[in-house]
Amino acid sequence: MEQFVQQLINGLSLGSIYALIALGYTMVYGIVKLINFAHGDIFMVGAYVGFVSITYFNMGFFPALLIAMLFCAVLGVVIEKVAYKPLRNASRITALITAIGVSLLLEYVVMFFAKAGVRTYPENVLPNLEMTILGVRITFTQVCIFAVTIALVILLQFIVHKTRVGKAMRAVSMDKDAAQLMGINVNNTISVTFAIGSALAGAAGILVGVYYNSIDPLMGIIPGLKAFVAAVFGGIGIIPGAMIGGFSIGAVETMVSGYGSSLYKDAVAFAILILVLIVKPSGLLGKNTREKV
Amino acid sequence: MKQLFSFKNLKYSACVVALFGVIQLLISLNIFDDYYQITIATICINIILAVSLNLIAGFTGQFSLGHAGFMSIGAYACALITLNINSNYSFFLGIFVGAILSALLGFVIGIPTLRLKGDYLAIATLGMAEIIKIIAQNLEFTGGAAGLSDIPQYTNWVWLFFFTAGTVVVIKNFINSSHGRACVSIREDEIASEVMGINTTKYKVLAFVIGAFFAGIAGALYSTYFYVINPGLFGFLKSVDILVIVVIGGMGSIRGSIIASILLAIVSTYLQDFPEIRMILYSLILVVVMLAREFIKTKKINLDILNIKKYIKTNGAR
Amino acid sequence: MFSVKRLSLILVVIMLAATMFTACSQSSNTNSNEINVGLNYELSGAGATYGQDTVDGIMMAIDEINAAGGVLGKKINPIKQDNKTDPAEATSITTKLATKENVVAILGPATSGATKASIPVAVKNKVPLITGSATADDITVDAKGVKEYGYRICFNDSFQGTVMANFALKNMNAKSAVVLMDSSSDYGKGLAKNFRETFTKAGGTIVEDEAFIKGDKDFSAVLTKIKDKNFDILLISGYYNEAGLIIKQAKDMGINKPILGGDGFDSPDLAKLAGNSALSNVFFSTHYSLLDKDATVVKFMDEFKKKYNKDSNAFNALGYDLGYFIADAIKRANSEDPTKIKEAIDATEGFKGVTGKFSIDENHNPVKTAVVIELKDGAQVSALKIEP
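Here the structure is a predicted model, which is why all the values come from computation and not from measurement. (Residues numbered from 1 in each chain as written. Chains lettered and ligands numbered in written order. Predicted model: local features only at pLDDT ≥ 70, side-chain atom pairs only at ≥ 80, totals over all residues. Heavy atoms only, no water.)

*Asks:* Looking at this structure, I do not really get the sheet that holds strand β3 (residues 105-107) of chain C. What am I missing?
*Replies:* Picture the strands of a sheet paired through backbone hydrogen bonds; they go either parallel or antiparallel. Residue and element names in this part refer to chain C. With respect to topology, five strands assemble into an open sheet ordered β2-β1-β3-β4-β7, the strand pairing being parallel. The open sheet is flanked by β2 (75-82) and β7 (150-152), the only strands paired with a single partner. Put simply, the sheet's adjacent strands are angled 25° from each other on average, direction ignored. In terms of strand pairing, strand β4 (residues 129-131) meets β7 through three bridges, oriented parallel. Counterpart to Thr 131 in the pairing with β7 is Arg 152. Helix α11 (residues 314-333) contacts β1 (34-41), β2, β3 and β4 of the sheet and is inclined by roughly 150° relative to β4. (Pairing = 2+ DSSP bridges. Helix = DSSP H or I, 4+ residues; strand = E, 2+ residues; numbered from the N terminus. Axes fitted to C-alpha atoms, helices over the stretch in contact; angles between N-to-C directions. Contact = heavy atoms within 4.5 Å.)

In structure tokens form, the structure reads like this:
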């Protein structure tokens with residue numbers, strides 16, 4: 001039982017990271033219907049910005065977090081304006097290939113400047129505390145990651161459901177043309193979405209850097225892919241879905257490693273994804289839309 | 001019979017034979033040395049992959065991100081057979097078994113997943129390819145992460161040409177048949193074609209199976225040309241590479257896929273001279289090409305070379 | 001309309017012709033004052049870390065050699081190419097280097113897959129190919145015999161696996177082990193397999209067999225699972241990138257059993273990832289020890305730090321040795337003929353490099369001493385030499 005709870009906690013802290021990345025995926029998908037494959041790499045850039053600000057500018061955790069989020073938000077908007085906006089009316093597959101191009105570009109530009117090797121965050125960015133409750137070990141960093149994730153998700157829900165920008169986002173994601181007719185500035189709304197989504201990825205990047213202490217230019221590929229899986233799993237385009245998806249994937253992975261074979265942990269995650277899609281093609285929280293002729 | 005020997009068919013056949021003759025001549029004169037032959041092999045294998053994916057994604061409109069998975073089945077089957085059966089026929093047996101297994105898998109996976117649409121199908125096929133990769137990584141007889149090596153090099157230029165031309169001819173004919181038109185109708189409007197009495201599931205699965213069959217052949221040729229295969233080769237990025245060729249060449253254009261395969265291989269050989277920034281240049285080219293295509297299309301400039309046929313059609317109809 | 005179509009065809013033809021032209025012009029511009037050596041490395045893709053690190057070492061060696069006057073009175077001209085960690089690309093590059101660039105030898109690739117794909121081409125074109133880090137046993141020799149032109153200067157998996165298994169059995173009196181391997185690399189799998197075989201043959205038991213893949217960062221699930229198991233040692237069969245994180249997370253969790261590994265541990269990044277305090281009771285086999293205070297090693301480490309502004313790791317050192325190794329072979333061959341150089345490599349006896357003094361045996365592997373190093377608080381405290 002103790003071990004089970006411990007594994008659950010392990011899964012939740014891993015899942016928080018997936019959830020943060022998945023949120024960005026889902027928001028962008030919801031509004032422009034684009035699988036933004038560069039999202040995982042924005043997460044990587046966030047980790048590097050955090051690394052630079054902590055190691056070279058001796059910043060604390062929270063200033064570095066803010067800077068990484070800000071930098072990624074700007075990067076996200078620039079990418080959207082330069083690479084995706086001209087393709088808004090193109091076929092979705094064209095935009096997808098462009099996103100893959102941007103993803104490779106980010107990876108290898110960072111690799112060119114920072115080299116391929118790992119970089120390590122300094123120790124003790126966050127106090128190295130831990131507590132043991134009934135034999136279950138929880139570290140301060142784990143609590144922080146979980147808290148930051150939950151706080152950001154609540155903030156996000158607030159923005160989307162209670163503010164004018166959020167209303168505009170929901171309108172644009174429902175019907176772009178109608179929203180425009182109603183006087184919503186579609187371009188700005190999309191930019192804001194990219195900014196928020198990328199900022200979340202940046203936050204995830206610095207959290208990974210602090211928690212695991214290791215970053216490299218290709219670190220975004222696998223978490224990016226898994227976050228995408230998480231987003232689809234929960235129902236792509238739905239914010240709570242992405243969070244549930246992220247936590248589920250994290251939990252499945254740790255449970256398979258903990259009670260089955262770690263050799264097949266990723267395979268099981270993908271197999272569950274396929275099963276969920278077959279049973280409920282629009283994801284866990286997705287609404288089945290009726291086909292119209 | 002009359003149709004078979006029509007002027008058009010004869011003309012195409014003559015072109016194919018001439019192309020084969022010219023390249024064969026260049027090889028025997030050693031103008032195309034080993035280095036060019038490797039580039040040609042890459043081009044041929046990419047053409048088979050791109051054309052077969054084009055049948056699934058471009059003509060039938062089913063967005064698959066798992067083509068490398070089918071390729072790996074063919075590659076592993078053929079490698080295992082040629083490594084273990086020492087006979088003159090093991091190469092053909094390997095290709096045949098690889099293609100059939102791959103098609104079979106396409107059938108088994110296609111039936112449940114092809115109910116999905118668009119991006120959901122993409123992620124399901126992506127997951128399928130990843131699962132195949134992980135299984136290959138962990139099985140004993142596939143050599144685990146190290147994969148299989150010392151695979152005898154049976155594939156040569158003649159077989160590459162034979163299978164590439166064969167793939168193009170078969171897929172081209174399939175598309176021009178009533179089955180192929182059924183597939184295209186699914187891409188255009190699935191509900192409408194269902195209303196017209198087309199068994200959409202059947203044709204989607206059929207396209208998927210045929211695509212997987214040829215991807216299996218491509219994998220088999222790959223494994224018997226490049227000596228080594230390992231699970232890492234057939235990951236997500238390989239599927240993306242194939243998709244890039246299809247999209248650059250134009251969805252639903254076989255000629256486009258062929259030209260794009262050649263162009264990308266040439267670009268890749270150019271980029272070899274910039275080892276430090278090779279991937280940066282490649283990704284920039286990718287983004288710029290996509291943006292330029294869209295720019296040209298929206299500005300209605302008649303330069304969309306790769307999509308020319310479709311272009312004429314859409315503009316001619318106006 | 002048709003003119004556009006024709007235009008596109010012409011364009012393709014022109015580009016084809018242009019490639020041919022550039023390629024031809026390249027082959028003709030061989031400078032007779034330079035000796036071309038090919039570098040076929042993973043500069044991008046999953047193996048980029050290993051490729052880039054090795055190339056850093058090679059370039060440093062070649063710069064030093066050239067500054068000291070080169071070999072045979074000529075400068076060494078390294079021709080660097082990126083194989084993207086892709087065997088097919090590695091094949092293409094090996095062919096290009098051997099047939100178009102007129103190299104006398106090829107160094108690389110760093111990963112076993114790309115090396116296996118390159119060696120048949122090297123054999124076909126009769127150009128010696130020497131890898132510094134492809135450890136799979138069948139790189140240089142397989143059931144069909146020795147690969148005529150394929151060489152390496154690093155240990156192979158079976159040697160290291162056996163060394164560590166024997167070390168665990170004899171020096172640590174271990175009876176049971178947990179194996180945690182990188183299932184996505186053949187290095188991880190090969191080392192684990194050989195360790196497992198030797199260890200179980202001598203009566204040891206493998207309590208748990210677990211795996212991770214390259215790029216994983218969270219190992220808490222597996223570690224929680226083995227935490228309460230009864231075992232004597234933990235073997236981490238993989239590279240420092242993941243091993244460092246595993247050690248850190250294991251120690252944080254309170255797993256204080258001895259941890260064993262191979263030369264994949266040998267990097268200053270291991271201590272950075274794990275933290276000095278966690279790096280105690282850790283043993284790994286590698287080529288050389290810092291405790292030796294060997295002049296070559298000390299000089300290499302100082303110069304490397306000066307040049308690249310970072311500490312060197314095993315890949316850097318192996319790359320550095322590769323540079324001197326090929327220069328030595330060219331010198332002894334007293335010729336730029338690849339076949340003569342191959343003969344000189346075969347005859348290598350007592351080559352003194354940073355990674356130890358070694359000869360090349362009939363299976364094209366180096367015969368060199370391994371050292372098992374113990375780490376305490378992140379520093380090397382003892383080194384045990386193990387003869388092959």
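Now that the structure has been shown, the text picks up again.
*Asks:* What am I meant to see in the domain arrangement of chain B here?
*Replies:* In many analyses, interface size is given as the accessible surface area lost on bringing the parts together. Residue and element names in this part refer to chain B. Looking at chain B, the domain boundaries give domain 1 (1-31) and domain 2 (33-235). For domain 1 versus domain 2, the separation of C-alpha centres amounts to 26 Å. Counting from both sides, the interface comprises eight residues of domain 1 and, opposite them, eight residues of domain 2. Taking both sides of the interface into account, the surface hidden between domain 1 and domain 2 amounts to around 700 Å²; carbon and sulfur atoms contribute 76%. If you sort the residues of domain 1 by the area they bury against domain 2, Phe 20, Ile 23 and Ile 27 come out on top, with a joint share of 56%. Scanning the region where domain 1 abuts domain 2 turns up zero salt bridges. The interface formed by domain 1 and domain 2 holds two residue pairs in polar contact (both at pLDDT 80 or more) in total. (Domains from an automatic or database assignment. Buried area = accessible area lost by both parts, 1.4 Å probe. Salt bridge = Lys/Arg side-chain N within 4 Å of Asp/Glu carboxyl O. Polar contact = N/O pair within 3.5 Å; in protein donor to acceptor, adjacent residues only side chain to side chain.)

*Asks:* Whenever I open this one, the packing of helix α2 (residues 34-59) of chain B against helix α11 (residues 254-271) of chain B confuses me. Can you help?
*Replies:* Residue and element names in this part refer to chain B. One can describe the packing of α2 onto α11 by two numbers: an axis separation of 8 Å at closest approach and a directional angle of 140°. When you trace α2 past α11, the crossing you get is right-handed. Side by side, α2 and α11 meet where Tyr 35, Thr 39, Ile 43, Asn 46, Ile 47, Ala 50, Val 51, Asn 54 and Phe 59 of the first sit next to Ile 254, Ser 257, Ile 258, Ser 261, Ile 262, Ala 265 and Thr 269 of the second. When the residues that make up the contact of α2 with α11 are grouped by side-chain class, the tally is 10 nonpolar, six polar and no charged. (Left-handed = near helix turned anticlockwise from the far one by under 90°. Nonpolar A, V, L, I, M, F, W, Y, C, P; charged D, E, K, R; others polar.)

*Asks:* Where do I start with the interface of chain B and chain A in this structure?
*Replies:* Counting residues at the interface gives 38 residues for chain B, matched by 43 residues for chain A. Considering only the surface of chain B that becomes buried against chain A, Asp119(B), Tyr120(B) and Ile123(B) emerge as the three largest contributors, covering 16% of it. Where chain B touches chain A, the interface holds one salt bridge. Two residues, Arg92(A) and Asp119(B), come together in a salt bridge whose shortest N-O distance is 2.4 Å. Summed over the shared surface of chain B and chain A, the result is five residue pairs in polar contact (both at pLDDT 80 or more). Mapped by element, the contributors of at least two residues to the side of chain B that touches chain A are α4 (90-113), α5 (118-138), α10 (236-249) and α12 (278-298) of chain B. The biggest single contributor to the side of chain B that touches chain A is α5(B), with 12 residues. Looking at the side of chain B that touches chain A residue by residue, the class counts come to 28 nonpolar, four polar and six charged.

*Asks:* Please clarify how the packing of aromatic side chains should be interpreted in this entry.
*Replies:* By convention here, two paired aromatic rings are described through the distance between centres and the angle between planes. Enumeration according to the criterion identifies 45 aromatic pairs over all chains in this entry. Centre to centre, the rings of Tyr222(B) and Phe234(B) are 6.3 Å apart; their planes meet at 70°, and the pair counts as edge-to-face. Separated by 12 residues along the polypeptide, Tyr222(B) in helix α9 (residues 200-223) and Phe234(B) in the loop between α9 and α10 bring together distant segments of the chain. Look at Tyr222(B) and you get buried, because its relative accessible area is 5%. Classification of Phe234(B) by relative accessible area gives buried; the value is 3%. Ring-pair connections join several aromatic residues into one group, and the members of that group are Phe91(B), Phe92(B), Tyr154(B), Trp159(B), Phe162(B) and Phe163(B). Here the basic side chain of Lys342(C) rests over the ring of Tyr149(C), its NZ or CZ set 5.5 Å away from the ring centre. Directly above the ring of Phe155(C) sits Lys368(C), whose terminal nitrogen or CZ lies 5.5 Å from the centroid. (Phe/Tyr/Trp six-rings, centres within 6.5 Å; stacked < 30°, edge-to-face > 60°. Buried < 20%, exposed > 50% of the residue type's maximum accessible area, 1.4 Å probe, protein only. Lys NZ or Arg CZ within 6 Å of the ring centre and 35° of its normal.)

*Asks:* Just checking my understanding: could you explain a nonpolar patch on the surface for this structure?
*Replies:* Residues and elements named next belong to chain A. Taken together, Met 1, Phe 4, Leu 8 and Tyr 259 make up a surface patch of nonpolar side chains, about 450 Å² in accessible area. Secondary-structure assignment places Leu 8 in helix α1 (residues 2-32). Residue classification places Leu 8 among the partly exposed positions, given a relative accessible area of 36%. (Patch = residues over 30% accessible without salt bridge, like charges linked within 9 Å, V, L, I, M, F, W, Y side chains within 5 Å. Areas by Shrake-Rupley, 256 points an atom, 1.4 Å probe, with all protein chains shown as cover.)

*Asks:* How should I be thinking about the nonpolar core in this particular structure?
*Replies:* Membership of the largest hydrophobic core comes to 215 residues, with the highest contact counts inside it found for Phe37(A), Tyr84(A), Ile45(B), Leu65(B), Leu221(B), Ile229(B) and Leu243(B). In terms of nonpolar packing, the next biggest core, distinct from the first, is built from 70 residues, Ile65(C), Val71(C), Ile130(C) and Leu223(C) among them. (Core = buried A, V, L, I, M, F, W, Y, C linked by side-chain atoms within 4.5 Å.)

*Asks:* Hey, could you run me through a positive patch on the surface in this one?
*Replies:* Residues and elements named next belong to chain A. Taken together, the side chains of Lys 162, Arg 164, Lys 167 and Arg 170 define a basic patch exposed on the protein surface. If you tally residues by element for the positive patch, the top one is helix α6 (residues 164-174), at three residues. By secondary structure assignment, the location of Lys 167 is in helix α6. (Lys, Arg positive; Asp, Glu negative; His and termini not counted. Charge placed at Lys NZ, Arg CZ, Asp CG, Glu CD.)

*Asks:* When you look at unusual backbone geometry in this model, what are you seeing that I'm missing?
*Replies:* A cis amide bond, omega -15°, links Gly108(C) with the succeeding residue Pro109(C). For Pro109(C), the location among the structural elements is in the loop between β3 and α4 (112-125). The phi angle at Asp150(B) is positive, at roughly 55°, despite the residue not being glycine. As for its position among the elements, Asp150(B) is in the loop between α5 and α6 (157-176). Residues other than glycine seldom take positive phi values, yet Leu72(C) does so here, at roughly 50°. Tracing the backbone shows Leu72(C) in the loop between α2 (48-67) and β2.

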